[in-house]
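Tertiary structure, described
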Amino acid sequence: MRPRTIVSLCLALLIPVAVRADGPKDPLRFIPAQADVVGKIERPRALLQAVETHELVQEALKIAGVRELYDSTNFRRLYQLIAYFEKELGKDKYELLDGLTGGGVVIAAKIGAPAAGVLVVQAKDEKLLHQFVQRSLALAEKELARLEVKESIHKTTYEGLDAFRFGPVKGAVVDGALILATDDKVLHHILDGHLGKKPIERVADAASFKEGNKSIPAGAHAWGWLNLEVVRELPNFKTGFEAVTQNPQFVFIFGGLVDVIKRSPCVTAS
C-alpha cells in the first residue's frame, strides 16, 4: 500500500474522532453533588421540533381555548422577541436554539435547607452565546428604564469571568456556558471548582445519580433525577407520608408503591 494511501486512511479515521472531541461539553460538569434534583434537556432543538410536529399538539391547537392562549399578548411578545434576535444575530429560531443550547440545558436544585437553584445552558457556538447575552442584557436594561424600575443590572467580573446580577439572580458566562444561580455562594462555588481554585464534588460522580441514570434511555430528549433519600427526610413529606401509610385502604391499593418509595435511593423519569 502506498504511503499516501496510508496517510489518507489515517486522516479519514482521525477526523471523525476530532469532530466528536470538539463537540459541546456536558453542562452537568458544573452541577455540585449537593443537588437533590436534576433535570436535563439533551437536545432542545430536537425536542422543540418533536413537540411542534406531534399530532396531539396539532390537534390541541385546533381547540378554541388553546388557540386563544397561543394568540395571546404574551405569546405575541415572545414571537417579537424571537424575531428581534433572529434579525440581530442573523439566524432563524432553530439555528439560534441549536447554537445557544446545542450542548444541553440543565436545571438543578437543592431542596433541603438551605435551598438553592442553578440553570446551565451549554452552547454549541461560544461566540454566539456571548453575543446573545450581551444583547439580552442591553435589551433588558432598556426595558427596565422604560418601566422606570430603579434596580438595574449590575455587570461585574469574577476571577476574570464576565458576570452579572439582577435581583436574586446571579449569572456568569464561562467555557461556552451560561450559568444562572439563585445565590452568590453557589455561583462562586461552581466557578471556583471550574477554575481549579478548590475541589468540587459533582453530582455526575455521585453513586445514587449514576445508578439512577442507568434507567434513562440513550435517546431520551429530556430526563429528570430526584434524590429520594433527601425527600424522605423533609419534615412535611415525612409527616404526610407516615399519615398516608397508616391508612389501610391506601396501603392495600398502593402498598407496592409505598414500599418502593421507602427503599429506593432515587427516582428518574425521561
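Residues numbered from 1 in each chain as written. Predicted model: local features only at pLDDT ≥ 70, side-chain atom pairs only at ≥ 80, totals over all residues. Heavy atoms only, no water.

Comments concerning the overall build of the chain
Our working rule: Numbering of helices and strands runs from the N terminus; a helix is a DSSP stretch of H or I covering at least four residues, while a strand is a stretch of E covering at least two. When a residue's accessible area, from a 1.4 Å probe over protein chains only, is under 20% of the maximum for its type it is buried; when over 50% it is exposed; and in between it is partly exposed. Residues count as neighbours in contact if any of their non-hydrogen atoms are within 4.5 Å of one another. Per-residue and other accessible areas follow the Shrake-Rupley method at a 1.4 Å probe size, with only the shown protein chains counted as cover for residues.
Looking only at helices and strands, the chain has 12 helices and nine strands in total. Counting over 270 residues, the chain shows a buried share of 28%. Partitioning the intrachain contacts of the chain with sequence separation of at least 6 by distance along the chain shows that 61% fall at a separation of at least 24. Carbon and sulfur atoms make up 60% of the accessible area of the chain, which totals about 17200 Å².

Comments concerning the pattern of salt bridges
Just so we agree on the cut-off: Think of a salt bridge as a Lys or Arg side-chain nitrogen and an Asp or Glu carboxyl oxygen that are within 4 Å of each other.
One pass over the full model with this rule turns up 13 salt bridges. Residue lysine 197 pairs with aspartate 192 through a salt bridge whose shortest N-O separation is 3.7 Å. Using a relative accessible area of 48% as the deciding quantity, one classes lysine 197 as partly exposed. Relative accessible area serves as the criterion here: at 6%, aspartate 192 is assigned to the buried category. Among the ionic contacts, a cluster of salt bridges with common partners joins Glu159, Asp192, Lys197 and Lys198.

Focus: the sheet that holds strand E3 (residues 116-122)
Put simply, the rule reads: Paired strands, in this sense, are two strands between which DSSP finds at least two bridges. Between N-to-C directions, angles cover 0 to 180 degrees, with each direction set by a line fitted to C-alpha atoms, over the stretch in contact for helices.
A sheet is described by the order of its strands in space; here nine strands give the open sequence E4-E5-E6-E7-E3-E2-E1-E8-E9, paired in antiparallel fashion. At either end of the open sheet lies a strand with only one pairing partner, and these are strand E4 (154-158) and strand E9 (266-269). Ignoring strand direction, the axes of neighbouring strands in this sheet form an average angle of 15 degrees. Bridge count between strand E1 (residues 37-41) and strand E2 (residues 104-110): five bridges; the pairing is antiparallel. By the bridge assignment, isoleucine 41 is partnered in E2 with valine 105. Taken strand by strand, helix H6 (residues 93-101) contacts E2 and E3, and its axis lies near 115 degrees from that of E3. Packed onto the sheet, helix H7 (residues 126-146) meets E4, strand E5 (161-166), strand E6 (169-174) and strand E7 (177-181) and runs at close to 25 degrees relative to E5.

So, H6
What counts is decided by this rule: Each C-beta atom gives one direction from the helix axis, and the arc is the one those directions make. By the criterion applied in these results, polar contacts are pairs of N or O atoms within 3.5 Å in which, for protein atoms, one can donate a hydrogen and the other can accept it, and in which residues neighboring in sequence qualify only through two side-chain atoms.
Taken residue by residue, H6 has Leu96, Gly99, Leu100 and Thr101 as its buried positions. Buried residues of H6, seen end-on, are gathered within an arc of 165 degrees and therefore sit on one face of the element. Considering only its buried residues, H6 is in contact with helix H2 (44-53), helix H5 (73-89), E2, E3 and H7. For H6, the capping residue at the N-terminal end is aspartate 92, with a side-chain oxygen 3.0 Å from the backbone nitrogen of tyrosine 94.

Here's the deal with the side chain of glutamine 122
When you line up the elements, glutamine 122 lands in strand E3. A distance of 3.0 Å separates the side chain of glutamine 122 from the backbone oxygen of glycine 176, its partner in a polar contact.

Comments concerning the packing of aromatic side chains
For the record, the criterion: Pairing of aromatic side chains requires ring centres within 6.5 Å, counting the rings of Phe and Tyr and the six-membered ring of Trp. Pairs whose planes differ by under 30 degrees are stacked, by over 60 edge-to-face, and all others tilted.
Applying the stated criterion across every chain yields a total of five aromatic pairs. Ring plane angle 45 degrees and centroid distance 6.3 Å describe the contact between phenylalanine 75 and tyrosine 79, whose orientation is recorded as tilted. With phenylalanine 75 and tyrosine 79 both in helix H5 and four residues apart, the pair spans about one turn of that helix. Considering the side-chain rings of phenylalanine 209 and tryptophan 225, the 5.2 Å spacing of their centres and the 70 degrees angle between planes classify their relative orientation as edge-to-face. Of the two residues, phenylalanine 209 is situated in helix H9 (residues 207-213) and tryptophan 225 in strand E8 (residues 222-227); the sequence distance between them amounts to 16 residues. Three or more aromatic residues link up through ring pairs in this structure, and these residues are Tyr84, Phe85 and Phe132.

Focus: the nonpolar core
Basically, it comes down to this: In this description, a nonpolar core means a group of buried Ala, Val, Leu, Ile, Met, Phe, Trp, Tyr and Cys residues linked to one another through side-chain atoms lying within 4.5 Å.
Among the nonpolar cores identified, the biggest contains 29 residues, and Ile31, Val38, Val118, Ile179 and Leu191 are the most heavily contacted of them. By residue number, the principal contributor to this core is helix H8 (residues 184-195), which donates four residues. Ignoring anything within four residues of it in the chain, the contact list for leucine 191 reads Tyr158, Leu161, Ala172, Val174 and Ile179. Residues Leu89, Val133, Leu144 and Phe164 belong to the second largest nonpolar core, which totals 16 residues.

What about a nonpolar patch on the surface?
Definition in use: Without a salt bridge and with relative accessible area above 30%, a residue can belong to a patch; like charges are then joined within 9 Å and nonpolar side chains (Val, Leu, Ile, Met, Phe, Trp, Tyr) within 5 Å.
Together, Tyr70, Leu78, Tyr79 and Leu81 make up a nonpolar patch on the protein surface, roughly 330 Å² of accessible area in all. The element best represented in the nonpolar patch is H5, accounting for three residues. Relative to the helices and strands, leucine 78 resides in helix H5. Look at leucine 78 and you get partly exposed, because its relative accessible area is 40%.

Let's talk about the confidence of the model for the chain
The test is simple: Every residue is assigned a pLDDT by the predictor, reflecting its confidence on a scale from 0 to 100.
Per-chain confidence: the chain averages 82 in pLDDT, with 83% of residues scoring 70 or above. Per-element confidence in the chain is highest for E7, whose mean pLDDT is 95, and lowest for helix H1 (residues 3-21), whose mean pLDDT is 41. Here residues 1-21 is modelled with pLDDT under 50, and outside its nearest four sequence neighbours on either side it reaches three contacts, counting other chains as well.

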